[in-house]
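Each chain, written out:
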Amino acid sequence: MKRRDFHLLAGGSLAFGLAAPAVRAQAKKSLAFVVNVSADFWTIARRGIEKANREHPDFDMEMIIPSQASAAEQRRILDELLARKVAGVAISAINPASQTDVLNRVAEQSVLFTTDSDAPASKRMLYIGTDNVAAGRRAGEQMKQAMPEGGRAMLFVGTMDADNARERVQGIRESLQGGNITIADIRTDESDFARARRNAEDALSRERDLKMMVGLWAYNTPQIYQAVREAGRQGQVKIVGFDEDALTLRGVADGTIHSTVVQQPYEFGYRSMKGLIRVVNGDRGWIPANKQDIVETKVIDKVNVGEFQSYMRSLLRGS
């Protein structure tokens, strides 16, 4: 039987599948935030959920981390949530195209939001997260700044099945169009951290003329950073990343990583819970016509990384 990680949040939600009848009798409505992989990125989102739960203790809120980063595992989680009759779900869909049917079942029986990775073909009510095409363009601009002389670049990501991966690549290509940077390949790892590391090491050993590596998901850039340092190719291979993993920020601070495009996962968690509560309570008038609540990105580089690291430490401590 596969292990699943379920977590207790402020507000008193119990570990998944262990809720006692006495607690169920309290008749609190439940909200679930289903992520795609275990990462500090989602720990930050958890802090936003915890804040929302403090403001609404009449709801049970929980973050659910699949034991395996797959659409099939997310389906099992969603089926169990439907059996529990949860009032609302926010999910970062791993493979939106293959998950449309189960997402639609959730939307028919509860309130469904997407976050981080959208599923626009589904009946989700709202997407809360980054405009990933715009974020990709922003990363592309950072690539051009890091490597004005041009050269071969390689991109690394969990899967190209996810909308956020495809959209970031689209934005990068748009930004680089007509320039002197060539994308040699896109390496995927199916959210396997060890494989992500091997992908980076293999690229460095096989592609001797490789000038840049770009990590598109939160865990990719730390794997690239460590591989580049172990290969002794700091400065020779430029790095641009996404998100705010502690190793990524360390790499920005020591100059190995040129910059990273960060999202605001705290807002993903907080806005998702607050929005679900509004809809569950009958208020849908605030939903935008385009069904998107876009959270802006920021670029973290050598200039502002120290301040941002302090901010991140406070969030991860929960203070």
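A brief report on the enclosed structure follows.

The rules behind the values
Residues numbered from 1 in each chain as written. Predicted model: local features only at pLDDT ≥ 70, side-chain atom pairs only at ≥ 80, totals over all residues. Heavy atoms only, no water. Axes fitted to C-alpha atoms, helices over the stretch in contact; angles between N-to-C directions. Helix = DSSP H or I, 4+ residues; strand = E, 2+ residues; numbered from the N terminus. Parallel < 35°, antiparallel > 145°, perpendicular 65-115°, else oblique. Left-handed = near helix turned anticlockwise from the far one by under 90°. Contact = heavy atoms within 4.5 Å. Nonpolar A, V, L, I, M, F, W, Y, C, P; charged D, E, K, R; others polar. Pairing = 2+ DSSP bridges. Buried < 20%, exposed > 50% of the residue type's maximum accessible area, 1.4 Å probe, protein only. Polar contact = N/O pair within 3.5 Å; in protein donor to acceptor, adjacent residues only side chain to side chain. Salt bridge = Lys/Arg side-chain N within 4 Å of Asp/Glu carboxyl O.

## Topic: the packing of helix α9 (residues 246-254) against helix α11 (residues 305-317)
For any two helices packed against each other, one specifies the crossing angle of their axes together with the interaxial distance. Running from N to C, α9 and α11 cross one another at 160°; their axes reach a closest spacing of 10 Å. With respect to their mutual orientation, α9 and α11 come out roughly antiparallel. Here α9 runs over α11; the crossing is left-handed. Residues Leu249, Arg250, Val252 and Ala253 of α9 lie in contact with α11, whose contacting residues are Val305, Phe308, Gln309 and Met312. Among the residues making up the contact of α9 with α11, the classes are represented as 6 nonpolar, 1 polar and 1 charged.

## Re the sheet that holds strand β8 (residues 181-188)
Here 6 strands make up an open sheet; going across it, the order is β8-β7-β9-β10-β11-β13 and the pairing mixed. Of all the strands in the sheet, the pair left with one neighbour each is β8 and β13 (298-300). Across the sheet, the mean angle from the axis of one strand to that of its neighbour is 20°, orientation sign disregarded. Along the sheet, helix α5 (residues 132-146) contacts β7 (151-157), β8, β9 (210-215), β10 (238-242), β11 (259-262) and β13; its crossing angle with β10, the most-contacted strand, is approximately 165°. Helix-sheet contacts for α9 involve β11 and β13, and the interaxial angle to β11 is about 140°.

## Looking at the packing of α5 against helix α6 (residues 163-176)
Put simply, α5 and α6 touch, their axes get as near as 6 Å, and they point 45° apart. On the basis of the axis angle, α5 is oblique to α6. The handedness of the crossing between α5 and α6 is right-handed. In this structure, α5 uses Asn132, Val133, Gly136, Arg137, Ala139, Gly140, Glu141, Met143 and Lys144 to contact α6, whose residues at the interface are Asn164, Glu167, Arg168, Gln170, Gly171, Ile172, Glu174, Ser175 and Leu176. When the residues that make up the contact of α5 with α6 are grouped by side-chain class, the tally is 5 nonpolar, 7 polar and 6 charged.

## Points about α9
Buried residues of α9: Leu247, Thr248, Leu249, Gly251 and Val252, and no others. Those residues of α9 hidden inside the fold are in contact with α8 (220-230), β11, β13 and α11. Regarding α9, its N-cap is Asp245, as a side-chain oxygen of that residue lies 2.8 Å from the backbone nitrogen of Leu247 further along. At the exit of α9 stands Gly255, carrying a positive phi of roughly 90°.

## Considerations on the pattern of salt bridges
Using the criterion set out here, one finds 22 salt bridges in the structure. As a salt-bridge pair, Asp202 and Arg206 come within 2.5 Å of each other at their nearest N and O atoms. One end of the pair, Asp202, and the other, Arg206, are both in helix α7 (residues 193-206), 4 residues apart, so they sit about a helical turn from each other. Residue Arg206 is classed as exposed on the basis of its relative accessible area of 64%.

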